[in-house]
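Structure at a glance
The residues making up each chain are set out below.
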Amino acid sequence: MLRFDDLQLFVRAADLGSLSAAARVMDMSAAVASAALKRIEQQLGARLLARSTRSLRLTAEGEGFLEYARAALSNLDEGRRLLASGQDQVSGILQLSAPSDFGRNLLLPWLDEFQREHPKLTVRLLLGDRIADLFRQPVDIALRYGEPEDSSLVALPIAAQNRRVLCAAPSYLARHGEPRHLEQLAQHNCLLFMLGSRVHDHWSFHDGKREVGLTVSGDRFSDDADVVRLWAVAGAGIAYKSWLDVAADVLAGRLKVLMPELLCERAPLNLLCAHRAQLSKPVNLLREMLASRCALLGSQFPTISGIDH
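Rules and cut-offs
- Residues numbered from 1 in each chain as written.
- Predicted model: local features only at pLDDT ≥ 70, side-chain atom pairs only at ≥ 80, totals over all residues.
- Heavy atoms only, no water.
- Helix = DSSP H or I, 4+ residues; strand = E, 2+ residues; numbered from the N terminus.
- Expected span 1.5 Å × (residues − 1).
- Buried < 20%, exposed > 50% of the residue type's maximum accessible area, 1.4 Å probe, protein only.
- Pairing = 2+ DSSP bridges.
- Domains from an automatic or database assignment.
- Salt bridge = Lys/Arg side-chain N within 4 Å of Asp/Glu carboxyl O.
- Core = buried A, V, L, I, M, F, W, Y, C linked by side-chain atoms within 4.5 Å.
- Contact = heavy atoms within 4.5 Å.
- Polar contact = N/O pair within 3.5 Å; in protein donor to acceptor, adjacent residues only side chain to side chain.
- Disulfide = S-S within 2.5 Å.

The subject of this paragraph is helix α1 (residues 4–16). Over its 13 residues, α1 runs 18 Å from end to end, which matches the ideal 18 Å to within 8%, given 1.5 Å per residue. When α1 is considered as a whole, its buried residues turn out to be D6, L7, L9, F10, V11 and A13. Positioned one or two residues after α1, G17 has a phi angle of 70°, which is positive.

A separate point is the pairing of strand β10 (residues 202–206). Pairing between β10 and strand β11 (residues 211–215): 5 bridges, direction antiparallel. Counted as the bridge partner of S204 is G213 from β11. If you look at the hairpin formed by β10 and β11, you'll find 4 residues sitting between the two strands, and G208 has a positive phi there, around 100°. Pairing geometry for β10 and strand β15 (residues 263–264), over 2 bridges, is antiparallel. When the bridges of β15 are listed, F205 appears paired with C264.

In terms of domain boundaries, the protein chain breaks down into domain 1 (4–84), domain 2 (92–161 + 268–299) and domain 3 (164–264). Each of domain 1 and domain 2 has a C-alpha centre, and these two points are 51 Å apart.

The full count for this structure, using the stated rule, is 17 salt bridges. Linking R164 and E265 is a salt bridge whose minimum nitrogen-to-oxygen distance equals 3.1 Å. Taken together, the residues R164 in strand β7 (residues 164–168) and E265 in the loop between β15 and β16 (269–273) connect sequence positions 101 residues apart. E265 matches R164 in its accessibility class, with the two residues each being buried. A salt bridge links R254 to D249; the shortest N-O distance between them is 2.7 Å. Taking relative accessible area as the criterion, D249 reaches 4% and is therefore assigned buried. Linked through salt bridges whose partners overlap, the residues forming this network are D101, R104, D224, D226, R229, K241, D245, D249 and R254.

To continue, consider the nonpolar core. Counting residues in hydrophobic clusters, the biggest one holds 44 residues, and the most contacted among them are F102, L143 and L286. When near neighbours in sequence (up to four residues on either side) are disregarded, F102 contacts L107, W110, L143, Y145, L244, D245, L269 and C294. Within the second largest apolar cluster, 20 residues are counted, among which are L19, M26, L66 and L73.

Before going further, it helps to examine the side chain of K241. Considering the arrangement of structural elements, one finds K241 in strand β13 (residues 239–242). The residues touching K241, leaving out its near neighbours within four places in the chain, are D101, R163, R164, V165, F193, A225, V228, R229 and V246.

Within the secondary structure, D224 sits in the loop between β12 (221–222) and α7 (225–233). Taking relative accessible area as the criterion, D224 reaches 18% and is therefore assigned buried. For D224, the side chain forms a polar contact with the main-chain nitrogen of D226, separated by 2.9 Å. If we skip the residues at most four places from it in the chain, D224 touches S100, R104 and D129.

What links the strands of a sheet is backbone hydrogen bonding, and the strands pair in either a parallel or an antiparallel sense. In spatial order, the strands read β11-β10-β15; together these 3 strands make up an open sheet with antiparallel pairing. Looking along the sheet, the strands with just one partner apiece sit at the ends: β11 and β15.

To continue, consider the state of the cysteines. One pass over the structure, following the stated rule, counts 0 disulfides. No disulfide involves C273; its sulfur sits 17 Å from that of C294, the nearest cysteine.

Shown next as structure tokens:
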């Protein structure tokens, strides 16, 4: 089997008319170059270069073989360029799971744009608010709010500073008034959703001095967080939602943030996977894009009186 570097040395030596000059260009010693030339001549069973102490010339066999050696090196270079360009392309299948609300209202348009940039990529998206079993479900990665309960999972932050906000539609506030203190939530219809396996009816806040928690109630709850957002937009009650999920509604005036001076629960968004080997190029590119988009929404988080959320 002819070696790639032996072929390179032969072509360089033929071009430069000197074996020692070829050795210098290829950063090898004269002895190594001489051994390489001897090796290729032995493998071919022919003398390629006639050498003396002061000159070097191609033999007839060497002249005939030089054309094929150049073609072989050119083909190998072209193959390497083709392989490199293929590696630059994002292709294959990206299988991911995401929360229903975030998935439908933010992730879907972002994935559309991501696939327009990488048209050879196929996406398989599962939406739901229950924790995906990454060892059993057909997904590579999952986007989830909160810290993972399973410590064996790899968790990479997408929006580490994201928090929940209290919000309601202007139509609801017009009918029932706007609560100014947490204690007044007891007189309002609070929209509830499932968090893990339980109803999330204990809401926590920090008023700048102390942690305040209270249990709320309402006339409806759902295991689909997007349904809760839709109820809130429709004026059915007050929701306690991730800022990422309601940012577009707040910015468009469909929802209003209530008591923005309060620091609400953290709701960090993480990318989860079972093994770091699943952090492929498409996954890493998607992670960078999601982190950038979430950071932009996070910069529009409502603040009041200089309180840092």
